[in-house]
Amino acid sequence: MQSENRIFDDFVKFVNGAAGTFAGVGREAQAGARDRAREWIGGLDFVSREEFEAVKAMAIAARDEADELRARLDKLEAAQAKAGT
């Protein structure tokens, strides 16, 4: 009976060791995948938030200026049409 317990104990130790090994392999795989993803994303041409906000502000200013110029042009065209008739 004692030998059966020892065999069972050895089997449990083996299974625990295998579980620890598989957990370690899983952590290594996850870390490797995370590193590859960071490397891939780092190679893409993303802009920072600050750069995006700066370009957005420039676009808003350009749009406002275009609206002002359109209003001036409409006013000049209306004055020219009035003077021409």
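Treat the numbers as computed from the prediction; the structure is a model and nothing was measured.

**Student:** Account for the overall build of the protein, naming residues and giving values.
**Tutor:** Helix and strand counts for the protein stand at 2 helices and 0 strands. Expected size for 85 residues packed as a compact globule is a radius of gyration near 12 Å; at 36 Å, the protein overshoots this value by more than 25%. On the principal axes, the C-alpha backbone points of the protein span a range of 120 × 20 × 15 Å. Taken over 85 residues, the protein has a buried fraction of 1%.

**Student:** An account of the environment of Ala18 is needed here, citing residue identities and associated values.
**Tutor:** Mapped onto the secondary structure, Ala18 falls in helix α1 (residues 2–43). Residue classification places Ala18 among the partly exposed positions, given a relative accessible area of 24%. Spatially, the C-alpha atom of Ala18 lies 16 Å from that of Ala29, the residues being 11 residues apart in sequence.

**Student:** I'd like a description of the pattern of salt bridges, backed by residues and values.
**Tutor:** Under the criterion given, the structure shown has 2 salt bridges. For Asp35, the salt bridge goes to Arg38, with nearest N and O atoms at 3.9 Å. Of this pair, Asp35 and Arg38 both sit in helix α1, 3 residues apart, roughly one helical turn. Asp35 sits in the partly exposed class, given a relative accessible area of 46%.

Conventions and cut-offs
Residues numbered from 1 in each chain as written. Predicted model: local features only at pLDDT ≥ 70, side-chain atom pairs only at ≥ 80, totals over all residues. Heavy atoms only, no water. Helix = DSSP H or I, 4+ residues; strand = E, 2+ residues; numbered from the N terminus. Rg over C-alpha atoms; globule rule 2.2 N^0.38 Å. Buried < 20%, exposed > 50% of the residue type's maximum accessible area, 1.4 Å probe, protein only. Salt bridge = Lys/Arg side-chain N within 4 Å of Asp/Glu carboxyl O.

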